[in-house]
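Spelled out from the first residue to the last, the chains are:
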Amino acid sequence: MEWRCGGRAVPLDVPAVMAVLNVTPDSFSDGGAFLDPHAAVRRGGDAAAAGAAILDVGGESTRPGAEPVGRDEELARVLPVVAALAGSGFPVSIDTRHAEVAASCVQAGAVIINDVSGFRDADMIGVAAETEAGVVVMHMQGEPGTMQDAPSYGDVVAEVSAFLAERASDLESAGVARERIAIDPGIGFGKTLEHNVALIRGVGALSELGYPVVVGASRKRMIGELTGEEDPSKRLGGSLAAAVEAARRGASVLRVHDVVETVQALRVARGLWG
Ligand code: HH2
């Protein structure tokens, strides 16, 4: 299996690692670390050398309670980083909810649009349709400011699956080829621990929709809740367990902060699975 992204194909025969590269002052785990474009570009090169198949550049934190960022500010943060990394030949994904930001970044060389609001915005669907970029359609209940207030579902896996199927179908109707679409249950986006656990256990059911499944559990609150570890930067062991389990259940792309360790963990897991 492969995922068509711009002029490239990202191979998915074995699970691919998508490296998180937040060019933000306030992301929940790496906020401030890569706000300087040079530091971000260095970090991107290191992640690619360590085995990341995709570099996911974001300029707006979407952690629970985060304040939205103006489009100009978001673009000023991400564009130099996207242009430099894409210019060096790396497969870059732009993590944004805003059509203008997505369009400018694709023009600067990004090959994937990763939209945590799941292409609910018609302009965002338009940008996807006008370009050849791959897309990640993610599920979120509510908005980052309030999404953790009282998340509620009947059957979380069924509801998330229905949402993703509908958004993917809207994208296809707008002209986005099926081979360009990946789906993501959105771990931590309007979900309790119980919901997140059900969604990771439900990766197999989601993959039955026929699109590659992306899972991003790295350092998130669910790891803290299962371990008691408050500090996101100390959640490596739990993040590796979540990535390996998601891959075992059929996830094709793992979105992670710790690339070297995740690549190694996945190689060992695959070796053991045979
Ligand atoms: N999680 C975050 C951001 N973007 N994109 C996808 N497709 N899937 C995810 O699970 C996902 C995502 C949140 O994590 P992070 O970028 O580390 O933090 P912040 O939002 O605080 O910048």
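Residues numbered from 1 in each chain as written. Predicted model: local features only at pLDDT ≥ 70, side-chain atom pairs only at ≥ 80, totals over all residues. Heavy atoms only, no water.

So, the side chain of R43
Reasoning step 1: Within the secondary structure layout, R43 lies in helix α1 (residues 37-49).
Reasoning step 2: At 5.6 Å, D30 is the nearest oppositely charged side chain to R43, a buried residue that forms no salt bridge.
Reasoning step 3: Look past the residues within four positions of R43 in its chain and what remains in contact with it is A19, V20, L21, F34 and H257. (Helix = DSSP H or I, 4+ residues; strand = E, 2+ residues; numbered from the N terminus. Buried < 20%, exposed > 50% of the residue type's maximum accessible area, 1.4 Å probe, protein only. Lys, Arg positive; Asp, Glu negative; His and termini not counted. Salt bridge = Lys/Arg side-chain N within 4 Å of Asp/Glu carboxyl O. Contact = heavy atoms within 4.5 Å.)

What about the sheet that holds strand β4 (residues 54-58)?
Reasoning step 1: Strands sit in the order β8-β7-β6-β5-β4-β3-β10-β9 across an open sheet of eight strands; the sheet is parallel. Edge positions in the open sheet fall to β8 (181-184) and β9 (214-215), since each of these has one partner strand only.
Reasoning step 2: Bridging between strand β3 (residues 16-22) and strand β10 (residues 253-256) involves four bridges; their strand directions are parallel. Along β10, the bridge assignment pairs A19 with V256.
Reasoning step 3: Each of β3 and β4 touches α1; the most contacted strand, β3, lies at about 170 degrees to it.
Reasoning step 4: The sheet strands contacting helix α5 (residues 156-173) are β7 (134-138) and β8, and the helix crosses β7 at an angle near 150 degrees. (Pairing = 2+ DSSP bridges. Axes fitted to C-alpha atoms, helices over the stretch in contact; angles between N-to-C directions.)

Digging into the state of the cysteines
Reasoning step 1: Under the definition given, this model contains zero disulfides.
Reasoning step 2: Not engaged in a disulfide, the cysteine C5 finds its nearest cysteine sulfur in C105; these two sulfurs lie 15 Å apart.
Reasoning step 3: Assessed through its relative accessible area of 0%, C105 is described here as buried. (Disulfide = S-S within 2.5 Å.)

Here's the deal with the packing of α1 against helix α2 (residues 71-87)
Reasoning step 1: Packing of α1 against α2 brings their axes to within 9 Å, and their N-to-C directions diverge by 35 degrees. The two elements α1 and α2 cross, and the hand of that crossing is right-handed. Of the residues in α2, those in contact with P37, A40, V41, G44 and G45 of α1 are P80, V81, A84 and L85.
Reasoning step 2: Residues belonging to the contact of α1 with α2 are distributed by class as follows: seven nonpolar, two polar and no charged. (Left-handed = near helix turned anticlockwise from the far one by under 90°. Nonpolar A, V, L, I, M, F, W, Y, C, P; charged D, E, K, R; others polar.)

Regarding the site of the ligand
Reasoning step 1: Inspection of the region around the ligand gives 18 residues, with S27, S61, N114, D184 and K220 positioned closest.
Reasoning step 2: In the environment of the ligand, a nitrogen atom lies 2.7 Å from a nitrogen or oxygen atom belonging to the side chain of D184.
Reasoning step 3: The backbone of G216 places a nitrogen or oxygen atom 3.3 Å from an oxygen atom of the ligand.
Reasoning step 4: Looking at the shell around the ligand, the elements that each hand over two or more residues are β3 and β7.
Reasoning step 5: Here the residues of the shell around the ligand sort into six nonpolar, seven polar and five charged. (Near = heavy atom within 4 Å. Polar contact = N/O pair within 3.5 Å; in protein donor to acceptor, adjacent residues only side chain to side chain.)

A closer look at unusual backbone geometry
Reasoning step 1: A positive phi angle, near 55 degrees, is found at F119, a position not held by glycine.
Reasoning step 2: On the secondary structure map, F119 appears in the loop between β6 (112-115) and α4 (122-130).
Reasoning step 3: Judged by its relative accessible area of 0%, F119 falls in the buried class.
Reasoning step 4: Of note in the backbone geometry, R219 takes a positive phi value of approximately 60 degrees without being a glycine.
Reasoning step 5: Relative to the helices and strands, R219 resides in the loop between β9 and α8 (221-227).
Reasoning step 6: For R219, a relative accessible area of 12% puts it in the buried group.

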